[in-house]
Amino acid sequence: MTIRLWHLCLAGLLMALPATQVMANIGTIIIAKGEVYALDTAQKSRALERRSAVLEGDTLVTGANGEIQVRFNDNAILALRAGSRLKISEYHGALNDRPEQVLMELLSGGFRTITGTLGKSDKEAYQIRTPKASIGIRGTNYEAVLTGADLVIGVYQGGIRLENELGSLNLGLDSPFSFAQVAGPQAPIQGQLEAPKALSTPLSTLALTAIDKAKDDAPEQPASSPDPDAGLLIESLFDDLTDDLEPATTLLAEALPAANDDAQLARQEDAPELDVNEFSAQFDLAALQDVRLTQTQIRDLSENPNVGFVVLNDQTTGYSTARYSLAPFLATTLSEDVSFDISLGTLTFAVTVSQSSAGNINAVASDINASIQSVLGQIDGVPIAAPIVVSQEAGKLIFDGVSGDSGEFLVITNLSGGDVQTFAASLGLCSNASNCTGTYDKGGVTIGQVKHATRFGYLIEGEAGPELVSFNNEQIGALQGGFASPVSILRGNPNATRVDFIGVDVDGDGGSDIDWGEWNNSAANPALLLKDAKNIENADTVAAPFYYVSAMPAPAASRVGIKTFGDSSVELDTAQWHANASTGQILTLSAQLAVNFGTAEADGSLSLANAADGTFWDVSYVGQLRGAQFFSDYGYGTLETATGNHSVAGQVDGLFTGSATGMGFVGGFGLQTTDDVHNAQGVFVIKN
């Protein structure tokens, strides 16, 4: 069997013929069932029955129980489904100053057709428009159905090309896709391996009833002009052409002929059929569309994307702070207070050590911490967590730069006040008073980057559960301009246990503002991180559980002023948080976040506990707002256990949700002790 491909390209506006023009007879109804009629260019209706003429300019209409079949003068066959409207703007060969042209528009419903001779000499002369995409065909057998939300296409012989404003897709012939679905003129055309559901509904008008058949085949038909369509079955026109066809498995766009390559098209029309498996083995098949997403998912992302995030704490080692250890402290006596600047990276703090503190290392550390805190201030009464924390260990001052990056130096400058050189020597900043220069640094710092466990994006419904679609910089406004192919998609393992939590009402309207749950992926049942829009096999496995959260961002009108969410001294209801830790079961959680929406700054605290076994996680964090999102710059604190204490680093991020009547903050966190022994992760909701 020879398979023919011809190019489908986007048609221009349909040319409406004047109502006064005499419309030509372009075909005949050969099967009619139920409510069927035609509207002429003046919108006058006439009933259709077998042997009724079809005129150029007609709009063919079938009711809920109606179907018709048309044989056009060029021997094309078209079966129109129930509930359809097909406008035939032009259907003619070359006439004087009018070139050969077939222009039809599927307004609703669907049809199946075998094309005739028109368009054979001019491949651009046959065009069908739909609200979703345009179709151009020649020498082929295909079907198109408008479902209301989508246009679905199936090719049973030959080849076609679909095209809309966003792109194009070849179907049939040596394109391994035989089916496609498209949501709109600006939506991607999605190739599919199996027939969409709308195409699996058969045409119900398979034959005329015995009475109609006897009546229509009566002597009124002259013997010299036998009716070629008497007793014809609609499906029988197509079955003999589709017995040997197989659905495609992959898309090859580059191998198909270009729209203006006449010679290549001519060669292609006469080419023998290619075996799909053999073809796939010869070429590196690459899809132009995003093979990670279904058409329904693309439509959801285009029309009503659900903002959300996941908490995936899959890298639970390597957390640390930048630690700067000074020389052994030497107690001294000062005649007055000493002032100096402490800098770490871009941060600089003016600090003061009082005269009375100079003889005690703990007092010196306390004075430095108090000075830093006075510079940072507070938000709504909540002190902003300091990026530099000073303590003492084994008789040495220790500076922990929780926001520092690898390679930065701690610099102490601008010393002033009485006995400056004596004080500097007591801190170990110089070997003796005569060698102090006023600027000191500590190099050779090794620091592990604190990682964000919370990852923002859009949550879409997958076959097994929600999937996170992420874009660059985790922007939740990435789809405001329409659909864009994502950077990655996180898909949980269908064999792993998934639990949906009870939704949370933030604004008090009785509805759920937050939908969330947990997907317990593991090494045995890992999740997939799909990173390649053209190759679904190019994916990383994620052998860790994750929490998922979907919430509508709070409107900008609500994100004003200074607000505090939660209370650090009040334990949250168990329905407002979910967490797990390597230390064992978490029994209580409390959280607080103070926010200045005017300056886009926020800081807070988080505490997890199991008092029964003596486990207490306490973390402070600070960060910046980006619209309704909160990204922590750093978080640090301590873990107290029955066997000892640990330093903790991590991140707490989240999303403001709700409305003007009530706002909330839904957060996600990932914590890790700096000695890589313990970790914790979870989600929580606190209200204003």
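Residues numbered from 1 in each chain as written. Predicted model: local features only at pLDDT ≥ 70, side-chain atom pairs only at ≥ 80, totals over all residues. Heavy atoms only, no water.

What follows is about the overall build of the protein. Looking only at helices and strands, the protein features 7 helices and 44 strands. In the protein, the share of contacts with a sequence separation of at least 24, taken over all contacts with a separation of at least 6, comes to 63%. Summed over all atoms, the accessible surface of the protein reaches about 29300 Å², with 49% contributed by carbon and sulfur. (Helix = DSSP H or I, 4+ residues; strand = E, 2+ residues; numbered from the N terminus. Contact = heavy atoms within 4.5 Å. Areas by Shrake-Rupley, 256 points an atom, 1.4 Å probe, with all protein chains shown as cover.)

It is worth spelling out the nonpolar core at this point. Core analysis: the biggest nonpolar cluster contains 40 residues, and Leu60, Phe72, Tyr91, Met104, Ile135, Ile153 and Leu171 have the highest contact counts within it. The greatest single-element share of this core, amounting to 4 residues, is contributed by strand E9 (residues 101–114). Ile342, Ala385, Ile388 and Val390 belong to the second largest nonpolar core, which has 37 residues in total. (Core = buried A, V, L, I, M, F, W, Y, C linked by side-chain atoms within 4.5 Å. Buried < 20%, exposed > 50% of the residue type's maximum accessible area, 1.4 Å probe, protein only.)

For glycine 627, the position within the fold is in the loop between strand E40 (615–626) and strand E41 (629–641). Residue classification places glycine 627 among the partly exposed residues on the basis of a relative accessible area of 42%.

Turning to the packing of aromatic side chains, a few remarks are in order. Note on aromatic pairs: each is described by the distance of the centres and the angle between the planes. Tallied over the entire structure, the rule returns 18 aromatic pairs. Within the aromatic cluster, the residues linked to one another by ring pairs are Phe565, Phe597, Tyr621, Phe630, Phe656, Phe665, Phe669 and Phe684. When the ring centre of tyrosine 156 is taken as origin, the NZ or CZ atom of arginine 112, which lies over that ring, is 4.2 Å away. In this structure, arginine 498 packs its charged tip against the face of tryptophan 519, placed 5.5 Å from the ring centre. (Phe/Tyr/Trp six-rings, centres within 6.5 Å; stacked < 30°, edge-to-face > 60°. Lys NZ or Arg CZ within 6 Å of the ring centre and 35° of its normal.)

In this section: the sheet that holds strand E37 (residues 577–581). Within a sheet, adjacent strands bond to each other through the backbone by hydrogen bonds, running parallel or antiparallel. The sheet built from 9 strands is open, its strands ordered E36-E38-E39-E40-E41-E42-E43-E44-E37 with antiparallel pairing. For this open sheet the edge positions go to strand E36 (562–566) and E37, each flanked by a neighbour on one side alone. If you compare each strand with its neighbour and ignore which way they point, the axes differ by 15° on average. Here 9 bridges tie strand E38 (residues 588–596) to strand E39 (residues 601–610), and the two strands are oriented antiparallel to one another. Across the sheet, the residue bridging to serine 590 is serine 607, located in E39. (Pairing = 2+ DSSP bridges. Axes fitted to C-alpha atoms, helices over the stretch in contact; angles between N-to-C directions.)

What follows concerns the pairing of strand E42 (residues 644–659). Along E42, 12 of the 16 residues are buried, which leaves the element largely enclosed by surrounding structure. In terms of strand pairing, E41 meets E42 through 9 bridges, oriented antiparallel. Looking at the pairing, threonine 638 lines up with serine 647 of E42. In this structure, the hairpin formed by E41 and E42 is closed by a connection of 2 residues. The hairpin turn running from E42 into strand E43 (residues 662–673), its antiparallel successor, is 2 residues long.

As paired elements, strand E24 (residues 388–393) and strand E25 (residues 396–401) share 6 bridges and run antiparallel to each other. The residue bridging valine 389 from the neighbouring strand is aspartate 400, located in E25. Count of turn residues in the E24/E25 antiparallel hairpin: 2 residues, of which alanine 394 carries a positive phi of about 55°.

Another point: the confidence of the model for the protein. Reading fine detail from the predicted coordinates is not recommended where pLDDT is low. With 77% of its residues at a pLDDT of 70 or more, the protein shows a mean pLDDT of 78. Contacts from residues 1–20, a stretch scored under 50 in pLDDT, to residues over four places away or in other chains number 80 contacts. Taken as a whole, residues 230–288 scores under 50 in pLDDT and shows 126 contacts with residues more than four places along the chain or in a different chain. (pLDDT = per-residue confidence, 0-100.)

Spatial strand order, E31-E32-E35-E18-E28-E29-E30-E33-E34: 9 strands in an open sheet with antiparallel pairing. Edge positions in the sheet fall to strand E31 (497–500) and strand E34 (539–542), since each of these pairs with one other strand and no more. With direction set aside, neighbouring strand axes in the sheet form an average angle of 30°. Both strand E30 (residues 488–491) and strand E33 (residues 527–530) contribute to a ladder of 3 bridges, which runs antiparallel. Of the residues in E33, the one forming a bridge with isoleucine 489 is leucine 530.

Think of it this way: side chains of opposite charge can pair up when their charged atoms draw near. Summed over the entire model, instances satisfying the criterion amount to 9 salt bridges. Two residues, arginine 129 and glutamate 105, come together in a salt bridge whose shortest N-O distance is 3.6 Å. A residue pair is termed long-range when its members are at least 10 positions apart, and arginine 129 in strand E10 (residues 126–129) and glutamate 105 in strand E9 qualify at 24 residues. According to the relative accessible area criterion, glutamate 105 is buried, its value standing at 18%. Each of Glu56, Glu90 and Arg98 takes part in one network of salt bridges that share partners. (Salt bridge = Lys/Arg side-chain N within 4 Å of Asp/Glu carboxyl O.)

What follows concerns helix H6 (residues 361–376). For the α-helix, the turn length of 3.6 residues means that residues three or four positions removed from each other point alike. Look at H6: 23 Å from first C-alpha to last across 16 residues, which is about the 22 Å you get at 1.5 Å a residue. Buried residues belonging to H6 abut strand E20 (338–344), strand E21 (347–353), E24 and E25. The N-terminus of H6 is capped by asparagine 360, whose side-chain oxygen sits 2.8 Å from the backbone nitrogen of asparagine 362. (Expected span 1.5 Å × (residues − 1). Polar contact = N/O pair within 3.5 Å; in protein donor to acceptor, adjacent residues only side chain to side chain.)

Looking at the secondary structure, you find asparagine 493 in the loop between E30 and E31. Under the relative-accessibility criterion, asparagine 493 is labelled buried at 11%. For asparagine 493, the residues in contact, after removing those within four places along its chain, are Trp519, Asn521, Asn525, Pro526 and Ala527.

Positive phi is not limited to glycine here, since arginine 51 has a value of about 75°. Under the relative-accessibility criterion, arginine 51 is labelled partly exposed at 32%. In the Ramachandran plot, aspartate 380 falls in the positive-phi region, its phi being about 55° despite a non-glycine side chain.

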